[in-house]
Amino acid sequence: DQQVKQNSPSLSVQEGRISILNCDYTNSMFDYFLWYKKYPAEGPTFLISISSIKDKNEDGRFTVFLNKSAKHLSLHIVPSQPGDSAVYFCAASALYNFNKFYFGSGTKLNVKP
Amino acid sequence: DVKVTQSSRYLVKRTGEKVFLECVQDMDHENMFWYRQDPGLGLRLIYFSYDVKMKEKGDIPEGYSVSREKKERFSLILESASTNQTSMYLCAIQTGGGRNYGYTFGSGTRLTVV
């Protein structure tokens, strides 16, 4: 049973518009969340993180929002660029087991020029 | 920046072969992980290690074993490869500290078992 879910396997967005990628989790003990970006034939690379003491974290064009009551986080990319086309994974961990991350199934983002 | 190197980018092996996937880090990180990535299933943890000669099963350890004889090297072993082990294999180390941490991944090994 997946504890972290990304229900949209793919998303297509026009260049310059906003991309919103969603992630839901079931374990209320999760308190630290990451987003990774993965290009084909490469390993995932860290994008942005957020801890449960915050509801928003911003880094350039990337912003992550956390809604703890809904057990939901989202990644906003503004403006989207063709180079953002990749698979995005969200991941979560809990303080009692902070070495272990649980990953979602990924969302493939396609940014059209 | 820490570097995580996986020895092979692409491998093709026959059913029943014993397969070794190697992962090497260039720093002194203790925690190392092996994941596999499959479409629609995301990243699933196979095994991890907290230190030399220490290992813990992840969520899908069946058909796999690991070895960590030196701190910088973590090997994943497929005892008798099967076609359902065709996958992308990713090694990761835990980086950062306190509550500001995450994984640094290697570039992955695409294994095909025929």
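Note: the structure precedes this text.
Within each chain, residues carry numbers counting from 1 in the order of the written sequence. For naming, the first written chain is A and the first written ligand is 1, with later ones following in the order written. For this predicted model, a pLDDT threshold of at least 70 governs which residues receive local features, and a threshold of 80 or more governs which side-chain atom pairs are given and counted, while totals over whole chains, interfaces and linings are taken from all residues. In computing side-chain values, all of the structure's heavy atoms are included and hydrogens and water are not.

A.B. asks: Any chance you could explain the pairing of strand S4 (residues 32-38) of chain B here in plain terms?
C.D. replies: Strand residues, when the strand is regular, have side chains that alternate between the two faces of the sheet. Residue and element names in this part refer to chain B. Exposed residues in this analysis have more than 50% of their type's maximum accessible area, buried residues have under 20%, and partly exposed residues fall in between, with area computed by a 1.4 Å probe over protein chains only. Think of it this way: any DSSP run of H or I at least four residues long counts as a helix, any run of E at least two long counts as a strand, and we number them from the N terminus. Most of S4 is tucked away: 7 of the 7 residues are buried. The side-chain alternation of S4 yields two buried faces, one formed by Met 32, Trp 34, Arg 36 and Asp 38 and the other by Phe 33, Tyr 35 and Gln 37. Whether two strands pair comes down to DSSP finding at least two bridges between them. Note that S4 and strand S5 (residues 42-51) share 7 bridges and pair antiparallel. Among the inter-strand pairings, Met 32 is bridged to a residue of S5, identified as Ser 49.

A.B. asks: What am I meant to see in the state of the cysteines here?
C.D. replies: As used in these notes, a disulfide is a covalent bond between sulfur atoms, one from each of two cysteines. Residues and elements named next belong to chain A. Here, the term disulfide refers to a pair of cysteine sulfur atoms separated by no more than 2.5 Å. Evaluation of the coordinates by the stated rule reveals 2 disulfides over all chains. The disulfide partner of Cys 23 is Cys 90, and the S-S distance across this bridge is 1.9 Å. Disulfide Cys 23-Cys 90: torsion about the S-S bond near 65°, hence right-handed. Note that Cys 23 is positioned in strand S3 (residues 19-25) and Cys 90 in strand S9 (residues 86-94), a separation of 67 residues in sequence.

A.B. asks: Whenever I open this one, the side chain of A:Lys100 confuses me. Can you help?
C.D. replies: Here A:Lys100 lies in the loop between S9 and strand S10 (102-103). Under the rule applied, a polar contact is a pair of N or O atoms within 3.5 Å (in protein, one hydrogen donor and one hydrogen acceptor; residues adjacent in sequence only if both atoms are side-chain atoms). Within polar-contact distance, the side chain of A:Lys100 engages the side chain of B:Asp59 at 3.0 Å. Other than its neighbours up to four places away in sequence, A:Lys100 contacts A:Ala92, A:Ser93, B:Leu45, B:Asp59 and B:Tyr103. When checking whether two residues touch, look at their non-hydrogen atoms; a contact exists if any pair is within 4.5 Å.

A.B. asks: What am I meant to see in the sheet that holds strand S8 (residues 72-77) of chain A here?
C.D. replies: Strands pair in a sheet through their backbones, by hydrogen bonds, and they do so in one of two ways: parallel or antiparallel. Residue and element names in this part refer to chain A. Pairing within the open sheet is antiparallel, and its 5 strands lie in the order S1-S3-S8-S7-S6. The open sheet has two edge strands with one neighbour each: strand S1 (4-5) and strand S6 (56-59). Judged from the 6 bridges that link them, strand S7 (residues 62-67) and S8 form a sheet pairing that is antiparallel. In the strand pairing of S8, Phe 65 is matched with Ser 74.

A.B. asks: Just checking my understanding: could you explain the interface of chain B and chain A for this structure?
C.D. replies: How big an interface is tends to be stated in terms of the accessible area lost upon association of its parts. Contacts between the two partners involve 24 residues from chain B, matched on the other side by 20 residues from chain A. Buried area between chain B and chain A, both sides added, is near 1900 Å², and the carbon and sulfur share of it is 52%. By definition, a salt bridge exists where a carboxyl oxygen of Asp or Glu is found within 4 Å of a side-chain nitrogen of Lys or Arg. Inspection of the region where chain B meets chain A yields 1 salt bridge. In this structure, A:Lys100 engages B:Asp59 in a salt bridge whose closest nitrogen and oxygen atoms are separated by 3.0 Å. Here chain B and chain A share 6 residue pairs in polar contact (both at pLDDT 80 or more) between them. Mapped onto the side of chain B that touches chain A, the elements with two or more residues apiece are S4, S5, strand S9 (87-97) and strand S10 (100-105) of chain B. The greatest single-element share of the side of chain B that touches chain A, amounting to 5 residues, is contributed by S10(B). Here the term charged refers only to Asp, Glu, Lys and Arg, the term nonpolar to Ala, Val, Leu, Ile, Met, Phe, Trp, Tyr, Cys and Pro, and the term polar to all other amino acids, Gly among them. Classifying every residue of the side of chain B that touches chain A gives 12 nonpolar, 9 polar and 3 charged. A 1.4 Å probe defines the accessible area here, and the buried area is the portion of it lost by two parts on being joined, summed over both.

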